[in-house]
Amino acid sequence: MRALTGTAQDWPRRVRLRLEPGPGETLDAICGGEVQVLQRRLGYRFTLDPVLLAHFAVFEAGADRGRLLDLGTGCGIIPLVLARRFGRADITALELQPGLFSLAERNVYLNRCEGSVTLVQGDLRHVAETFPASSFGHVLCNPPYRARTAGQSNLSREKALARHEIACELPDVVRAAAYLLVPRGALCMVYPASRFSELVSVLRTLQLEPRTVRMVHPRADRPAKLVLLHAVKGGRADLTVLPPLVVHADEDAAFTDEVNAMVG
């Protein structure tokens with residue numbers, strides 16, 4: 001694996017990484033045990049959202065091929081799913097927070113993905129300082145969903161930055177993707193369904209045209225909570241709305257067969 005600084009200089013990893021959980025950490029398995037993830041008990045922990053996004057990007061946006069960047073990788077969950085489950089290589093993952101970057105690095109080595117995943121510590125608001133324009137065929141992002149001040153008083157700084165629009169807002173994410181993508185390149189995002197119209201408006205402002213949308217419902221009889229969206233840089237207006245993705249079966253806490261196939 002190559003780890004890059006914010007100034008885009010390679011630096012080798014020469015110290016031995018701890019690949020087992022330390023104090024205050026957990027080791028969790030998803031994708032039938034294919035992916036092992038170190039996380040902090042009290043820090044930011046990944047949810048189902050990035051797992052859904054990784055599968056959506058592969059099956060609906062052709063993200064099983066071409067150079068790919070994950071904006072705001074956290075502990076590295078999206079690159080790990082893509083590399084381990086789908087055999088993807090040539091994945092770059094950008095993370096702002098040093099603590100999460102360190103976890104992502106350990107997870108990449110833990111999962112033996114150092115030949116497939118390049119980690120970069122940096123700020124998506126300044127991607128032009130690190131990457132040339134039009135460098136990637138695919139950009140994926142599970143961005144902060146919540147307004148800057150909404151419900152963050154009891155959160156750690158790590159959680160707050162990951163969940164709230166403190167270090168970046170939606171236009172920052174879309175602007176970065178528009179810069180990074182090749183013409184006709186694909187952006188895939190997971191975002192609150194309640195902000196879908198805002199998302200489409202910002203995308204079109206930067207010439208990213210929505211191509212495929214799938215609403216995610218907690219249960220079949222409940223309103224959608226999330227939207228999975230695939231947009232194309234410079235694409236034409238030709239939107240496909242897929243059948244809904246239902247997370248839980250009936251009133252049971254168990255996942256539906258489709259979701260269980262992704263996580264189990």
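Chains are numbered independently. Their residues run from 1 in the order of the written sequence. Given that the model is predicted, a residue must reach a pLDDT of at least 70 before its local features are reported, and side-chain atom pairs must reach 80 or more before they are shown or counted; all residues, however, enter totals for whole chains, interfaces and linings. Only hydrogens and water are set aside when side-chain values are computed; all heavy atoms of the structure are taken into account.

Draft legend 1. Spotlight on the nonpolar core. Put simply, a nonpolar core is a bunch of buried Ala, Val, Leu, Ile, Met, Phe, Trp, Tyr and Cys residues held in one set by side-chain atoms that sit within 4.5 Å of each other. A 1.4 Å probe rolled over the protein chains alone gives each residue an accessible area, and that area as a share of the maximum for its type sets the label: buried under 20%, exposed over 50%, partly exposed in between. Among the nonpolar cores identified, the biggest contains 80 residues, and Leu-71, Ile-77 and Val-139 are the most heavily contacted of them. Looking at which element gives the most residues to this core, the answer is helix H1 (residues 49-61), with 8 residues. Every residue pair with non-hydrogen atoms within 4.5 Å of one another is taken to be in contact. Those residues in contact with Ile-77, other than ones at most four positions away along the chain, are Ile-30, Val-35, Val-37, Phe-46, Pro-50 and Val-51. Segments assigned H or I by DSSP are reported as helices when at least four residues long, segments assigned E as strands when at least two residues long, and all are numbered from the N terminus.

Draft legend 2. Expanded view of the side chain of Glu-25. Along the polypeptide, Glu-25 turns up in strand E3 (residues 25-30). Note on Glu-25: relative accessible area 13%, which makes it buried. Pairs of N or O atoms are called polar contacts if they sit within 3.5 Å, as long as, within protein, a hydrogen donor faces a hydrogen acceptor (for residues adjacent in sequence, only side-chain-to-side-chain pairs). A polar contact is formed between the side chain of Glu-25 and the side chain of Arg-106, at a distance of 2.8 Å. Once residues within four sequence positions are removed from consideration, Glu-25 is found in contact with Glu-20, Gln-39, Arg-40, Arg-41, Leu-103 and Arg-106.

Draft legend 3. The packing of aromatic side chains, seen in detail. Pairing of aromatic rings covers Phe, Tyr and the six-membered ring of Trp, with a centre-to-centre limit of 6.5 Å; geometry is then stacked below 30 degrees between planes, edge-to-face above 60, and tilted otherwise. Evaluated as defined, the whole model comprises 2 aromatic pairs. With a centroid separation of 5.5 Å and an interplanar angle of 80 degrees, the aromatic rings of Phe-131 and Phe-136 are classed as edge-to-face. Overall, Phe-131 belongs to the buried group, its relative accessible area being 6%.

Draft legend 4. Looking closely at the pattern of salt bridges. When a carboxyl oxygen of Asp or Glu lies within 4 Å of a side-chain nitrogen of Lys or Arg, that pair is called a salt bridge. Going through the model one piece at a time under the given rule, you end up with 13 salt bridges. Note that Glu-25 and Arg-106 form a salt bridge whose closest N and O atoms lie 2.8 Å from each other. Of this pair, Glu-25 sits in strand E3 while Arg-106 sits in helix H3 (residues 98-110), and the two are 81 residues apart along the sequence. Arg-106 matches Glu-25 in its accessibility class, with the two residues each being buried. A salt bridge links Arg-204 to Glu-209, with the nearest nitrogen and oxygen atoms 2.8 Å apart. For Arg-204, a relative accessible area of 46% puts it in the partly exposed group.

Fair warning: the whole summary comes from geometry, so function is off the table for now.
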